[in-house]
Amino acid sequence: MDVRKKLEILADAAKYDASCSSSGGKRKAGKEGLGSVEGMGICHSYTPDGRCVSLLKILLTNFCIYDCQYCINRISSDTARARFTPAEVVRLTLDFYKRNYIEGLFLSSGVIKSPDYTMEQLIEVARTLREVHGFQGYLHLKAVPGASKELIDKAGLYADRLSANIELPTDGDLKKLAPEKSFAVTGGTMKEISARVEQSRAERQESPKAPKFAPAGQSTQMIVGATPTPDAAILDTASRLYTRFKLKRVYYSGYSPIPLVDARLPAKSPPLVREHRLYQADWLLRFYGFRVDELTPPEQPDLSLELDPKLAWALRRREAFPVDVNRAPREALLRVPGMGVRTVDRLLRIRRWHRVTLADLARLRVPLTRMKPFIVTADHRPTGLIDSSRLAERVTPPSTQLSLFTSAREALTGEL
């Protein structure tokens, strides 16, 4: 099979992996090197089903010894198979980079022979790029769960970011659909990466010449909608991963039906807006101080598809409003619907000089119609709005086609 045909198969197979981002990487080539890592990251593209993918994003191989029922590359699948050699991946990366098609490489793989053997193949690609060709572009390597500590340590010295996929929201889901995998094994790999990242940072504080280990940290991917697991459990798992292993990102990927599917799997993908709501809730957990049980209480374990998670919380907790924007602490302001992190920080600066009015908020371009029932300003005090039975109807945005560009902007600014 020629390289072009392999590329066609293995680039297509990689589109199901969403845990790809170059944010956080910083490196510039010297006189003898090639490429650099910019803050904007590697190139991204959107597939017809709305998934964000990156170029060059490929699998080393889609052969796999595991039989995960939700995966197109499982051993029992009749999908076309292909396998690159490490040298072929290196050549493709350099050729695409020199043509300015890509800014880095995202390399994952099916598991061949064993986790250690697969990890060795991935490392060989990274080692050749870095040591033989002086490639300084972005490298994101898949950390194969169960690979030895020595190999994970080696991979992190070449890669900007490592990612071990947790795959499903609960260990019970894995036992049902991917019995060869477990939270314990994947968690062990994440723990090793986390420990090495911390160790590297400590060593570099003592000596700037100490080697970096995965400077852009680690991420993971969770498939949503393959099982009936509610959003509360999904967010709880994500929250624990952030806390225990200091992950940079958890990526949520809606389940995509595949040919010859297991009868236990759904026939349809979950609505795309569910991924969007999970990303919004994820942002609220990481940067707004919310807890999982606030966003998904026991009586409502799934996020609303109609309302963003913060607005839905505010409508359930009306006793916390209205909030006086001239007196409230930052933590309370962050919980006001429509008020994002940047808006709150600007507001805190403005009120050092004068009392904040609606005109000030309008100049900050906040959604005033949505915010007004929840705030008090120098010239505004809502009367009875917060207790109105029609408040939800009043503040609910009209239904519109979900925009990928709006989602991307929210992801960058955190304005919820």
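Everything that follows concerns the structure shown earlier in this document.
First things first, this report covers the structure right here in the doc. Because the structure is predicted, anything quoted here is derived from the model rather than measured. (Residues numbered from 1 in each chain as written. Predicted model: local features only at pLDDT ≥ 70, side-chain atom pairs only at ≥ 80, totals over all residues. Heavy atoms only, no water.)

## Comments concerning the pattern of salt bridges
Under the counting rule described, the total for this entry stands at 22 salt bridges. A salt bridge links Glu-319 to Arg-317; the shortest N-O distance between them is 2.5 Å. For the salt bridge of Arg-363 with Asp-360, the shortest nitrogen-to-oxygen distance reads 2.7 Å. Residue Arg-363 and its partner Asp-360 are both found in helix 13 (residues 358-363); the two are separated by 3 residues, about one turn of the helix. Judged by relative accessible area, Arg-363 falls into the exposed class, the value being 61%. Shared partners join several salt bridges into a network, and the residues in it are Lys-149, Asp-153, Glu-192 and Arg-196. (Salt bridge = Lys/Arg side-chain N within 4 Å of Asp/Glu carboxyl O. Helix = DSSP H or I, 4+ residues; strand = E, 2+ residues; numbered from the N terminus. Buried < 20%, exposed > 50% of the residue type's maximum accessible area, 1.4 Å probe, protein only.)

## A closer look at the sheet that holds strand 7 (residues 138-142)
What the 6 strands build is an open sheet, ordered 5-6-7-8-9-10; its pairing is parallel. The sheet is open, and its two edges are formed by strand 5 (57-59) and strand 10 (249-254), each paired on a single side. Direction aside, neighbouring strands of the sheet carry axes that sit 20 degrees apart on average. On the sheet, helix 3 (residues 115-132) packs against strand 6 (104-108) and strand 7 and is oriented at approximately 170 degrees with respect to strand 7. Along the sheet face, helix 8 (residues 272-287) touches strand 9 (218-224) and strand 10 and points at about 165 degrees away from the line of strand 10. (Pairing = 2+ DSSP bridges. Axes fitted to C-alpha atoms, helices over the stretch in contact; angles between N-to-C directions. Contact = heavy atoms within 4.5 Å.)

## As for the side chain of Arg-130
With respect to the helices, strands and loops of the structure, Arg-130 is situated in helix 3. Residue classification places Arg-130 among the buried residues on the basis of a relative accessible area of 11%. In terms of polar contacts, Arg-130 uses its side chain to reach the backbone carbonyl oxygen of Gly-137, at 2.8 Å. (Polar contact = N/O pair within 3.5 Å; in protein donor to acceptor, adjacent residues only side chain to side chain.)

## Examining the pairing of strand 10
Judged by how many residues are buried, strand 10 sits mostly within the fold: 5 of 6 residues are covered. When strand 9 meets strand 10, the two strands line up parallel, connected through 6 bridges. Within the sheet, the bridge partner assigned to Met-222 lies in strand 10 and is Tyr-252. Crossover connection from strand 9 via helix 7 (residues 231-245) to parallel strand 10: handedness right-handed. (Right-handed = clockwise from strand over helix to strand, strands pointing away.)

## As for the nonpolar core
Ranked by size, the top nonpolar core spans 109 residues in total, and within it Tyr-70, Leu-105, Leu-107, Met-119, Leu-162, Leu-361 and Phe-374 carry the most contacts. Not counting chain neighbours up to four residues away, the residues in contact with Leu-105 comprise Leu-56, Ile-58, Val-89, Thr-93, Val-125, Leu-129, Tyr-138, Leu-139 and His-140. (Core = buried A, V, L, I, M, F, W, Y, C linked by side-chain atoms within 4.5 Å.)

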